[in-house]
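Secondary and tertiary structure notes
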Amino acid sequence: MLSDKYSGGAMTIRQSFAWWSFAQGSVAPADLIQSTAEIGYDAIEMAPQEHWQTIRDQGLTLLNTQAHPLIPAGLNRLENYDAIKAEVVRTLELATTWGLPYLICFSGDRMGLADDVGLEHTVTNLCKLVPLAEQAGVELHLEMLNSKVDHPDYQADTTAWAVEVCKQVASPNLKLLYDVYHMQVMEGDLIRTIQDHHESIGHYHTAGNPGRQDLDEDQEIAYPAVFRAIRDSGYTGYIGHEFVPKDDPIEALQEAYQLTARYV
């Protein structure tokens, strides 16, 4: 197990990982949970509810789950509000019962909807949902995804659009989930974006580009510099790894943990 002083000083940024991308192949769920706790991970993201008690028993935080499904019809359409509200109410109850600090929400796809109209609708819907999150003490994280490779037509595909949503909703319980991989695909300029907009960002995800795999020398993102930018912004939350490992998932998580810990 790595010390929390791996980088030469007490780590203020903790690390997590997305269940879906590492709980695969021959690795058993219980082994994944135990091994990552031993590595030094603090939390697991988006785990199936059947594993929540085992995760808690290992001393790990249940960090987040989806507030509502990632479907083409999302927050950007006013007619979706009632269905999304029902899902958010349900997941907020789970979050308060199990201690999840974050829930992830999604804009939905354009499907011909202009960006300014989609933004207006997303703000309208979130202004009605955020008070529920405030009452529960949970942060909603609007996730930005790339529409070039993985999520064609997704509307929250640029930082500027998503930041404007946060500004207009104007609640400390609405932040952005900034996925470094997705934003590298869409717009690059990662460090400047982090420096300029870190106050709107509540959580970070990582993956290598291209390929959405390990944070190694075969991909183009300079993660040491990105991690330093996140650290220097004053961020004290989690960096979550959400890549598909090339080989053994636990070894990949060990390497990602060590790399991140050197710079945060």
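The preceding data block contains the structure.
In short, a report on the structure. (Residues numbered from 1 in each chain as written. Predicted model: local features only at pLDDT ≥ 70, side-chain atom pairs only at ≥ 80, totals over all residues. Heavy atoms only, no water.)

1. Focus: the pattern of salt bridges
Two side chains that carry opposite charge are able to pair once their charged atoms sit near each other. Throughout the structure, instances matching the rule amount to eight salt bridges. For the salt bridge of glutamate 87 with arginine 90, the shortest nitrogen-to-oxygen distance reads 3.0 Å. Of this pair, glutamate 87 and arginine 90 both sit in helix α4 (residues 81-98), separated by three residues, roughly a single helical turn. With relative accessibility at 43%, the residue arginine 90 sits in the partly exposed group. One salt bridge in this structure joins arginine 110 and aspartate 115, with 2.7 Å as the shortest N-O distance. Its relative accessible area of 18% is what places arginine 110 among the buried residues. Taken together, the salt bridges that share partners define one network made up of Arg110, Asp115 and Asp157. (Salt bridge = Lys/Arg side-chain N within 4 Å of Asp/Glu carboxyl O. Helix = DSSP H or I, 4+ residues; strand = E, 2+ residues; numbered from the N terminus. Buried < 20%, exposed > 50% of the residue type's maximum accessible area, 1.4 Å probe, protein only.)

2. Thoughts on α4
With 18 residues, α4 should reach 26 Å at 1.5 Å per residue; the first-to-last C-alpha distance of 25 Å fits that figure. Along α4, the residues that are buried comprise Tyr81, Ile84, Val88, Thr91, Leu92, Leu94 and Ala95. When α4 is viewed along its axis, its buried side chains cluster within an angular range of 160° and face the same direction. Every exposed residue of α4 that faces more than 90 degrees away from the buried side is listed here: Asp82, Ala83, Glu93 and Thr97. Among the structural elements, α3 (52-57), β3 (61-66), β4 (102-105) and α5 (115-136) are those in contact with the buried residues of α4. Immediately downstream of α4, the backbone of glycine 99 shows phi near 80°, a positive value. (Expected span 1.5 Å × (residues − 1). Arc of directions from axis to C-beta. Contact = heavy atoms within 4.5 Å.)

3. Structural notes on the side chain of aspartate 179
By secondary structure assignment, the location of aspartate 179 is in strand β6 (residues 174-179). Within the buried set, aspartate 179 has no salt-bridge partner at all; the shortest N-O distance to an opposite charge, 4.3 Å, is to arginine 212. Once residues within four sequence positions are removed from consideration, aspartate 179 is found in contact with Glu143, Met144, His205, Arg212 and Glu242. (Lys, Arg positive; Asp, Glu negative; His and termini not counted.)

4. Observations concerning the packing of α4 against α5
Put simply, α4 and α5 touch, their axes get as near as 10 Å, and they point 15° apart. Looking at the two axes, α4 sits roughly parallel to α5. With respect to the hand of their crossing, α4 and α5 are arranged in right-handed fashion. Between α4 and α5, the contacting residues are Tyr81, Ile84, Lys85, Val88, Val89, Leu92 and Thr96 on the first element and Asn125, Lys128, Leu129, Leu132, Ala133 and Ala136 on the second. In the contact of α4 with α5, the residues fall into nine nonpolar, two polar and two charged. (Axes fitted to C-alpha atoms, helices over the stretch in contact; angles between N-to-C directions. Parallel < 35°, antiparallel > 145°, perpendicular 65-115°, else oblique. Left-handed = near helix turned anticlockwise from the far one by under 90°. Nonpolar A, V, L, I, M, F, W, Y, C, P; charged D, E, K, R; others polar.)

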